[in-house]
Amino acid sequence: MNNNNYRASFYTLGCRLNQAETSLICNTFKEKGYAIVNFGAATDVCVINTCTVTEQADAKCRQLVRQVLKKSPDAFVAVVGCYSQMGAEALRRINGIDLILGTEDKMRVAEFIDVPHKLPQALVHNGRISREAFTISSVGNYENATRANLKVQDGCDFMCTFCVIPFARGRSRSRAFWDIQREALALVERGHKELVLSGVNIGTYEFEGKRLLDVIKMLESIDGLERIRISSIEPTTIPEALVNHMAESEKLCNHFHIPLQHGDDAVLKNMRRFYSINEYVDFLEYVQKRVPDVCLGTDVMVGFPGEDEQAFENTRRLLDALPFAYFHVFSFSERGGTPAVRMADKVEHKIKKLRSETLRVLSSEKKQRFFTAQLGKRMRVLMEERNASGLYQGFTDNYVRVAVESESDLDNCLLDVTLLGMAEKHVVSGRIYNRQPAEYMRDSVTVSV
Ligand code: SF4
């Protein structure tokens, strides 16, 4: 059925993988003839792709759903994803939701809606999650973005004691190699020059003997694809061969986001992480030696049960000492069904807040230091958009945000840029070096500092 009189809008909460999935879901609605409208505009269907990583994420989902129901009481409202999987009972209590789909069925949400008429009560599917390899058979819709996400994997078998993801998203499973290639080709055909590989635990990718490095090599062979970026990868899943490949590859970005989670061995052990601080530090040293310009990012958690002043201080010092360009800071949040809920020595909310703020400030300083260390170099920048100051900005392959002056439209242009100074906090000003193709010859390239 072609529903081409209907409109659909989408909202994503949570991680990059959720963003990738919303784009794929969005495309399935387009294929059914829906007009895609901005979230907040009048619509016939609203799909909310949810997150359950913390209590706050759950609360935000419920709040957003209530806002949508108030603003668009006649729209068919589908709530899908991680919170639908784990919190279906709480969602069911909100009057007006039409469809609640957990992890197994969320990608097929368009198939559940024949005609988008309100239902007397919510239809709920949040049962067992498959462990099998999967295909997606859609192409992500990234009309307004330069970079496109490419989902390669889902779920996780690691069972860290604080994490609800293995329950919300199921066990680790990989996308068929050929299905990744099919979507990648289609995305490149649409003009995307950079693809960001996403998943929950992408280092565990395995499909018919192919591993993550095979996926990367396959993508590198696609003409027109200039960059491949790994989004986040667990430290114990990165083979040296992948680091060595990054050192030599023209297309694999010099960027690793490797979750550390904590800087104290006793806490790491209670988190059930499978490495010691020394092992992590040795590995990071190896990465930096092989890929000197690499941008290293990490995730870190504050307030895990048993994190005393000393354990926190160990974390702060380690983060300061290691060559990180930035870190994402999370506060421990009790998630039902995880072992950490039963652990003693809980950390008070106000202490978690203070520690979190301390690390955020440190991360900001480190990013500024990393960016400053890149000045004077000439790097390729994939231009994305004009920023609020009127400068054109984009990212280097080692994830430095660079802005240049240009009268021309530089969207999606890959340009050589000399990095000159700090334009503003966390933005480097640059001058276009090669000024190709010819239409950029007329650009004014004065530097704004
Ligand atoms: S590796 Fe990541 S997703 Fe998997 S259980 Fe640990 S924190 Fe959760």
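Residues numbered from 1 in each chain as written. Predicted model: local features only at pLDDT ≥ 70, side-chain atom pairs only at ≥ 80, totals over all residues. Heavy atoms only, no water.

### Some thoughts on the overall build of the chain
So the rule is basically this: Numbering goes from the N terminus for both helices and strands, where a helix is a DSSP run of H or I of at least four residues and a strand is a run of E of at least two. Values of the radius of gyration come from C-alpha atoms, whereas the globule rule sets the reference at 2.2 Å times the count of residues to the power 0.38. For every residue, the accessible area obtained with a 1.4 Å probe (protein chains only) is divided by the maximum for its type, and the residue is called buried under 20%, exposed over 50%, and partly exposed between those limits. Working rule for contacts: check all heavy atoms of both residues, and any pair within 4.5 Å makes them a contact. In this count, Lys and Arg are taken as positive residues and Asp and Glu as negative ones, while His and the chain termini are left out. Working definition for charges: the position is that of NZ of Lys, CZ of Arg, CG of Asp or CD of Glu.
Helix and strand content of the chain: 13 helices and 21 strands. On C-alpha atoms alone, the chain measures out to a radius of gyration of 23 Å, which is about the 22 Å that the 2.2 N^0.38 rule sets for 449 residues. Across the 449 residues that make up the chain, the buried fraction comes to 57%. A fraction of 72% describes how many contacts in the chain between residues 6 or more apart in sequence connect residues 24 or more apart. Here the chain holds 58 positive side-chain charges and 58 negative ones, and the gap between their average locations is 3 Å.

### Some points on the sheet that holds strand β19 (residues 401-404)
Defined as follows: Any two strands with at least two DSSP bridges between them are considered paired. Note on geometry: axes are C-alpha line fits, over the in-contact stretch for helices, and angles between N-to-C directions span 0 to 180 degrees.
If you walk around this closed barrel you meet the 5 strands as β17-β18-β19-β21-β20, and the pairing is mixed. Across this sheet, the average inter-strand angle for adjacent strands is 50 degrees, counted without regard to direction. With 6 bridges connecting them, strand β20 (residues 414-424) and strand β21 (residues 427-432) associate as antiparallel partners. The residue bridging Met-422 from the neighbouring strand is Val-428, located in β21.

### Digging into the pairing of β19
Direction of pairing for strand β18 (residues 392-396) relative to β19: antiparallel, over a ladder of 4 bridges. When the bridges of β19 are listed, Tyr-392 appears paired with Val-404. Summarising the sheet, β19 and β21 pair through 2 bridges and their orientation is parallel. Residue pairing in the sheet places Val-402 in a bridge with Val-428 of β21.

### Some remarks on the side chain of Gln-85
Short version of the rule: Polar contact is defined as a pair of N or O atoms within 3.5 Å, subject to the rule that within protein one atom must be able to donate a hydrogen and the other to accept it, and that residues adjacent in sequence are counted only when both atoms are side-chain atoms.
Mapped onto the elements, Gln-85 comes out in helix α3 (residues 82-86). Using a relative accessible area of 11% as the deciding quantity, one classes Gln-85 as buried. A polar contact of 3.2 Å, which involves the side chain of Gln-85, links it to the backbone oxygen of Asn-126. Beyond its immediate chain neighbours, meaning those up to four positions away, Gln-85 contacts Gly-102, Thr-103, Glu-104, Asn-126, Gly-127, Ile-129, Phe-167 and Ala-168.

### Comments concerning the sheet that holds strand β14 (residues 255-257)
Ordered in space as β14-β15-β16, the 3 strands form an open sheet in which the pairing is parallel. Bordering the open sheet on either side are β14 and β16 (326-331), each of which pairs with just one other strand. The mean angle between the axes of side-by-side strands here comes to 15 degrees, regardless of whether they run parallel or antiparallel. Relative to strand β15 (residues 295-302), β14 runs parallel, the two being bridged by 3 bridges.

### Here we look at the domain arrangement of the chain
Defined as follows: Segment limits for the domains were obtained from an automatic or database-derived domain assignment.
One can read the domain layout of the chain as domain 1 (7-125), domain 2 (148-373) and domain 3 (378-442). When each unit is reduced to the centre of its C-alpha atoms, the spacing between domain 1 and domain 3 is 37 Å.

### So, a negative patch on the surface
This is how the line gets drawn: For patches, a residue must show more than 30% relative accessible area and have no salt bridge; joins then use 9 Å for like charges and 5 Å for nonpolar side chains, namely Val, Leu, Ile, Met, Phe, Trp and Tyr. Here, Shrake-Rupley sampling with a 1.4 Å probe gives the accessible areas, and only protein chains in the shown set may cover a residue. Salt bridges are identified by distance alone: a Lys or Arg side-chain nitrogen within 4 Å of an Asp or Glu carboxyl oxygen.
A contiguous patch of negative charge, built from Asp-265, Glu-279, Asp-282 and Glu-285, is present on the exposed surface. Ranked by residue count, the leading element in the negative patch is helix α11 (residues 277-290), at 3 residues.

### A few points about the environment of Gln-63
Mapped onto the fold, Gln-63 is located in helix α2 (residues 55-71). According to the relative accessible area criterion, Gln-63 is partly exposed, its value standing at 48%. Distance in space between the C-alpha atoms of Gln-63 and Ala-247 is 45 Å, their sequence separation being 184 residues.

### Points about the packing of aromatic side chains
Heads up, the rule is: Pairing of aromatic rings covers Phe, Tyr and the six-membered ring of Trp, with a centre-to-centre limit of 6.5 Å; geometry is then stacked below 30 degrees between planes, edge-to-face above 60, and tilted otherwise. Sitting over a ring, as applied to charges here, requires NZ of Lys or CZ of Arg to be within 6 Å of the ring centre and within 35 degrees of the ring normal.
Counted by the stated rule, this structure contains 12 aromatic pairs. Judged by centre distance (6.1 Å) and plane angle (35 degrees), the rings of Tyr-6 and Tyr-34 are tilted. Of this pair, Tyr-6 sits in the segment before β1 (7-12) while Tyr-34 sits in the loop between α1 (16-31) and β2 (35-36), and the two are 28 residues apart along the sequence. Relative accessible area serves as the criterion here: at 4%, Tyr-34 is assigned to the buried category. Relative to Tyr-34, the ring of Phe-29 has its centre 5.0 Å away and its plane inclined at 75 degrees; by these criteria the two rings are edge-to-face. By way of ring pairs, the aromatic residues Tyr-6, Phe-10, Phe-29 and Tyr-34 are connected into one cluster. When the ring centre of Phe-177 is taken as origin, the NZ or CZ atom of Lys-210, which lies over that ring, is 5.1 Å away. Here the basic side chain of Arg-378 rests over the ring of Tyr-433, its NZ or CZ set 3.7 Å away from the ring centre.

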